[in-house]
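These are the residues of each chain, in order.
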Amino acid sequence: MSSALSQFRQSPLFKPAIIVPTIIMLIFSFFNLTAPTDPVRIASSFNLGIVNQDEGLTFPPLNLASKAMEGMAGNLPFSVTKFEDQNIARSALEDGQVAAVLIFPTDFSKLAVGDQNFAIEILNTQHLTVAETQMASQLPMLVQTSLSAAVAGLRLAMSQGQMPSLELTVTSDVETLHSAQSVATLPAPFVMTFTSWLAAMVGTILLFLASQEMALKERAYVRTVVPLMTMGLASFVLALVVATATSQWSQLILIWLNVWFISLCLAWFFIGIFEIVGLWALIIILPTVFYQSAIGGAMAPLVAAPEWLQWFGDLIPFDKIGAVYRGVMYKAEASLPLSWLGGGVFIGLGLIWGRTLFKHNKT
């Protein structure tokens, strides 16, 4: 059907339909993988303000808040800034100099060696960066857990007539099963997931418009063959960027083939839906594509999504695609959701050729 392709090349949208999917994958992957955020640097940039109002104990002569501050400074992944006054600390929080403030009361040491539960005050805010806000929201549980363990050990030591020790009694030997080879490896699965959906959607929109005026049989042929080429080229460019940014050249072919297969299945499904209902299908397809950050299985587990999106993700396992890409990047086990992808291909190509054959027989 070379005549069909020749006819397709006459369309003013021919070049965009061929090139745009590659441009999408190139630009999105390049800018996201050449300046990735480092979780370690994010944690170290979190600045915790501490106000120590603790008057300490007379006997034994201890200021337990000071001991706790020393422990935090030595064991927590973020930096600590000390303030003499609560108002100064609050102003620093307002100005963004610190991301949260921990305030030890004047009777902290006395309360710590007593037998009653007590509370300490934490100030946080949500007007800072997303990373700082998220870490600050997790701070209360972290502080409660660590201080509760320390106070429990302190009370036990005091009850036995021993000098308390705030040193960690348990340390961790960490074994990482699948470690990222570079900082860029962390966002790579999301980049691969989102560009697969976005390139497939935009590419099929342009292909649909560019081939709309063609004869039925030629149009069906073009809409079947062209995604093979466009998604193949686009996914290869994406694989080159990902392999370069993550220094994982050994995974180049595997990245390419997986992205090509998934984006091709999506493209065939989209063009089939467009064949029947036209661009009105974007009412459903567009939000599905852009909600992949929540349900795509690369940025966060599906259970972290809003409840109505969880229902959508439970109905159709979009997160399986993100799991495949994570498996590729970290050399972990993950199987392609062949039944779902194959079903999408069957529906898409079935709609394309079924409508063509139906209209042809009718005429």
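Worth saying up front: this structure is predicted, and the values here are computed from it rather than measured. (Residues numbered from 1 in each chain as written. Predicted model: local features only at pLDDT ≥ 70, side-chain atom pairs only at ≥ 80, totals over all residues. Heavy atoms only, no water.)

Undergrad: For this particular structure, what's the right way to read the overall build of the protein chain?
TA: Helix and strand content of the protein chain: 15 helices and four strands. Expected size for 363 residues packed as a compact globule is a radius of gyration near 21 Å; at 29 Å, the protein chain overshoots this value by more than 25%. Seen through its principal axes, the protein chain has C-alpha atoms that stretch 100 × 40 × 30 Å. Taking all 363 residues of the protein chain together, 42% fall into the buried category. Contacts in the protein chain between residues far apart in sequence, at least 24 positions, make up 77% of those at least 6 positions apart. (Helix = DSSP H or I, 4+ residues; strand = E, 2+ residues; numbered from the N terminus. Rg over C-alpha atoms; globule rule 2.2 N^0.38 Å. Buried < 20%, exposed > 50% of the residue type's maximum accessible area, 1.4 Å probe, protein only. Contact = heavy atoms within 4.5 Å.)

Undergrad: Could you clarify how one ought to interpret a nonpolar patch on the surface in this entry?
TA: A cluster of nonpolar side chains, namely Ile19, Ile23, Leu26, Ile27, Phe30 and Phe31, defines an oily patch on the protein surface of about 550 Å² accessible area. Tracing the sequence through the fold places Ile23 in helix 2 (residues 14–33). With a relative accessible area of 38%, Ile23 lands in the partly exposed category. (Patch = residues over 30% accessible without salt bridge, like charges linked within 9 Å, V, L, I, M, F, W, Y side chains within 5 Å. Areas by Shrake-Rupley, 256 points an atom, 1.4 Å probe, with all protein chains shown as cover. Salt bridge = Lys/Arg side-chain N within 4 Å of Asp/Glu carboxyl O.)

Undergrad: Any chance you could explain the layout of surface pockets here in plain terms?
TA: Counted as a void, the largest pocket has a volume near 720 Å³. If you trace the largest pocket, you find 20 residues lining it, with Thr37, Pro39, Ile42, Gln134 and Met299 closest to the centre. Sorting the residues of the lining of the largest pocket by element identifies helix 2, helix 3 (39–45) and helix 7 (130–159) as the ones contributing at least two each. When the residues that make up the lining of the largest pocket are grouped by side-chain class, the tally is 15 nonpolar, five polar and no charged. (1 Å grid on protein atoms, 1.4 Å probe; cavity = no way out; pocket = protein on both sides within 12 Å on 5 of 7 lines; lining within 4 Å. Points joined across faces, edges and corners; volume = space filled by probe spheres on them. Nonpolar A, V, L, I, M, F, W, Y, C, P; charged D, E, K, R; others polar.)

Undergrad: Would you mind showing me how to read the pattern of salt bridges here?
TA: Note that side chains of opposite charge can pair when their charged atoms are close. The full count for this structure, using the stated rule, is two salt bridges. For Glu275, the salt bridge is made with Arg219, and the minimal N-O distance between the two is 3.3 Å. Here the residue Glu275 occupies a position in helix 10 (residues 252–277), and Arg219 occupies one in helix 9 (residues 216–246), the gap between them amounting to 56 residues. Take Arg219: its relative accessible area is 8%, and that puts it in the buried class. A salt bridge links Arg223 to Glu275, with the shortest nitrogen-to-oxygen separation between them at 2.3 Å. Here Arg223 is found in helix 9, whereas its partner Glu275 is found in helix 10, with 52 residues between them in sequence. Accessibility assignment for this pair places Arg223 and Glu275 in one class, buried. Each of Arg219, Arg223 and Glu275 takes part in salt bridges that share partners, so that together they form one network.

Undergrad: What am I meant to see in helix 5 (residues 86–95) here?
TA: Because the α-helix completes a turn every 3.6 residues, residues three or four places apart line up on one side. All of the buried residues along helix 5 are Ala89, Ala92 and Leu93. The arc enclosing the buried residues of helix 5, seen along the axis, measures out at 100°, which places them on a common side. Exposed side of helix 5, more than 90 degrees from the buried face: Asn87, Glu94 and Asp95 are the residues found there. For helix 5, the elements touching its buried residues are strand 1 (47–52), strand 2 (79–83), strand 3 (100–104) and strand 4 (121–124). N-capping of helix 5 is provided by Asp85, with a side-chain oxygen placed 2.8 Å from the backbone N of Asn87. (Arc of directions from axis to C-beta. Polar contact = N/O pair within 3.5 Å; in protein donor to acceptor, adjacent residues only side chain to side chain.)

Undergrad: I would appreciate a short explanation of the sheet that holds strand 2 in the present structure.
TA: An order of 2-1-3-4 is seen for the four strands of this open sheet, with the pairing classed as mixed. This sheet does not close on itself; its edge strands, each paired only once, are strand 2 and strand 4. Neighbouring strand axes in the sheet, compared pairwise and without regard to direction, differ in orientation by 25° on average. The pairing of strand 3 with strand 4 spans four bridges and is classified as antiparallel. Bridged to Ala100 within strand 4 is Asn124. Along the sheet, helix 5 contacts strand 1, strand 2, strand 3 and strand 4; its crossing angle with strand 4, the most-contacted strand, is approximately 30°. (Pairing = 2+ DSSP bridges. Axes fitted to C-alpha atoms, helices over the stretch in contact; angles between N-to-C directions.)

Undergrad: Sorry, what's going on with the side chain of Ser196 here?
TA: Structurally, Ser196 can be placed in helix 8 (residues 188–210). Within the structure, Ser196 has its side chain in polar contact with the backbone oxygen of Met192 (distance 2.7 Å). In contact with Ser196, not counting residues within four places along its chain, are Met25, Val259, Ser263, Leu266 and Tyr325.

Undergrad: Can you walk me through empty space enclosed by the protein in this structure?
TA: Take a probe with the size of a water molecule and roll it over the atoms, and the empty space left behind shows itself. Enumeration according to the criterion identifies two cavities of 30 Å³ or more in this entry. Of the pockets and cavities examined, the second largest cavity occupies roughly 50 Å³. Lining the second largest cavity are Ala17, Pro21, Gly203, Thr204, Leu207, Val226, Pro227, Thr230, Met231 and Ala267. Elements represented by at least two residues in the lining of the second largest cavity include exactly helix 2, helix 8 and helix 9. A total of four residues in the lining of the second largest cavity trace back to one element, the largest contributor, which is helix 9. Residue composition of the lining of the second largest cavity, grouped by class: seven nonpolar, three polar and no charged.

Undergrad: Sorry, what's going on with unusual backbone geometry here?
TA: Most peptide bonds take the trans form, and the phi angle of most residues other than glycine is negative. The phi torsion at Ser247 lies on the positive side, around 60°, for a residue other than glycine. Among the structural elements, Ser247 can be located in the loop between helix 9 and helix 10. The phi dihedral of Lys331 falls on the positive side, at around 55°, and the residue is not glycine. By the element assignment, Lys331 lies in the loop between helix 14 (319–330) and helix 15 (338–362).

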